[in-house]
Amino acid sequence: EKKQSVKDIKESKKDFHNAILHVWGYFKKEASETEKQGLFEILEEYMKGENSQEAVIQYLNALLRKYPNQYLEESTFLTGEQNKTIA
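Everything numeric here is computed off the predicted structure, so don't read it as measured data. (Residues numbered from 1 in each chain as written. Predicted model: local features only at pLDDT ≥ 70, side-chain atom pairs only at ≥ 80, totals over all residues. Heavy atoms only, no water.)

Novice: Please clarify how the overall build of the protein should be interpreted in this entry.
Specialist: A count of helical and extended segments in the protein gives five helices and zero strands. Traced from its N-terminal end to its C-terminal end, the protein shows the element sequence α-α-α-α-α. Within the protein, buried positions represent 30% of all 87 residues. Of the roughly 6100 Å² that the protein leaves accessible, carbon and sulfur atoms contribute 51%. (Helix = DSSP H or I, 4+ residues; strand = E, 2+ residues; numbered from the N terminus. Buried < 20%, exposed > 50% of the residue type's maximum accessible area, 1.4 Å probe, protein only. Areas by Shrake-Rupley, 256 points an atom, 1.4 Å probe, with all protein chains shown as cover.)

Novice: Honestly, helix H1 (residues 6-24) in this entry has me stumped. Any pointers?
Specialist: Since one α-helical turn is 3.6 residues long, residues separated by three or four positions face the same way. Taking 1.5 Å per residue as the helical rise, H1 with its 19 residues ought to reach 27 Å, and the 27 Å between its terminal C-alpha atoms agrees with that figure. Among the residues of H1, those classed as buried are Lys13, Phe16, Ile20, Val23 and Trp24. Projection of H1 onto a plane perpendicular to its axis shows the buried side chains occupying an angular sector of 100°, all on one side. Turned more than 90 degrees off the buried face of H1, the exposed positions are Lys7 and Asp15. Buried residues belonging to H1 abut helix H2 (33-47), helix H3 (53-66), helix H4 (70-74) and helix H5 (76-79). (Expected span 1.5 Å × (residues − 1). Arc of directions from axis to C-beta. Contact = heavy atoms within 4.5 Å.)

Novice: How should the side chain of Lys13 be read in this particular structure?
Specialist: Relative to the helices and strands, Lys13 is located in helix H1. Although Lys13 is buried, it makes no salt bridge; Glu50 carries the closest opposite charge, 9.4 Å away. Leaving out residues up to four positions away in the same chain, Lys13 has contacts with Tyr46, Met47, Lys48 and Gly49. (Lys, Arg positive; Asp, Glu negative; His and termini not counted. Salt bridge = Lys/Arg side-chain N within 4 Å of Asp/Glu carboxyl O.)

Novice: Looking at this structure, I do not really get H3. What am I missing?
Specialist: If you check H3, its first and last C-alpha atoms are 20 Å apart, about what 14 residues at 1.5 Å a residue would give, namely 20 Å. Those residues of H3 that sit buried are Ala55, Val56, Ile57, Leu60, Asn61, Leu63 and Leu64.

Novice: Please clarify how the packing of aromatic side chains should be interpreted in this entry.
Specialist: Counted by the stated rule, this structure contains three aromatic pairs. Consider the rings of Trp24 and Phe40, whose centres lie 5.9 Å apart with planes at 90°: the pair is edge-to-face. One end of the pair, Trp24, is in helix H1; the other, Phe40, is in helix H2, and 16 residues separate them in sequence. Ring centres of Tyr26 and Tyr71 lie 5.1 Å apart, and the angle between their planes is 25°; this geometry places the pair in the stacked category. With Tyr26 in the loop between H1 and H2 and Tyr71 in helix H4, the pair connects residues that are 45 residues apart, well separated along the chain. Residue classification places Tyr26 among the partly exposed positions, given a relative accessible area of 32%. Taking relative accessible area as the criterion, Tyr71 reaches 48% and is therefore assigned partly exposed. Positioned above the aromatic ring of Tyr46, the side-chain terminus of Lys13 is 5.3 Å from the ring centre. It is Lys36 that lies over the ring of Phe40; its NZ or CZ is 5.8 Å from the centre. (Phe/Tyr/Trp six-rings, centres within 6.5 Å; stacked < 30°, edge-to-face > 60°. Lys NZ or Arg CZ within 6 Å of the ring centre and 35° of its normal.)

Below is the structure:
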């Protein structure tokens, strides 16, 4: 199998980053400034390689519990393919 090049990793990080910004759009009217800062901090750490995708997704799942959103609850991006429930 082809090894991921640094460029591929950077690209996939960018894709993940863009996907998170898209998801954030569903929360931005309701979430507090503190919650926004928290998310963008974790996302920035992830982009620098200091945090994981998992950490970012867990943060969004916490927001989703606080601010339910049917579209996001049905999205496998946050819930993972295997189980349809939010961890």
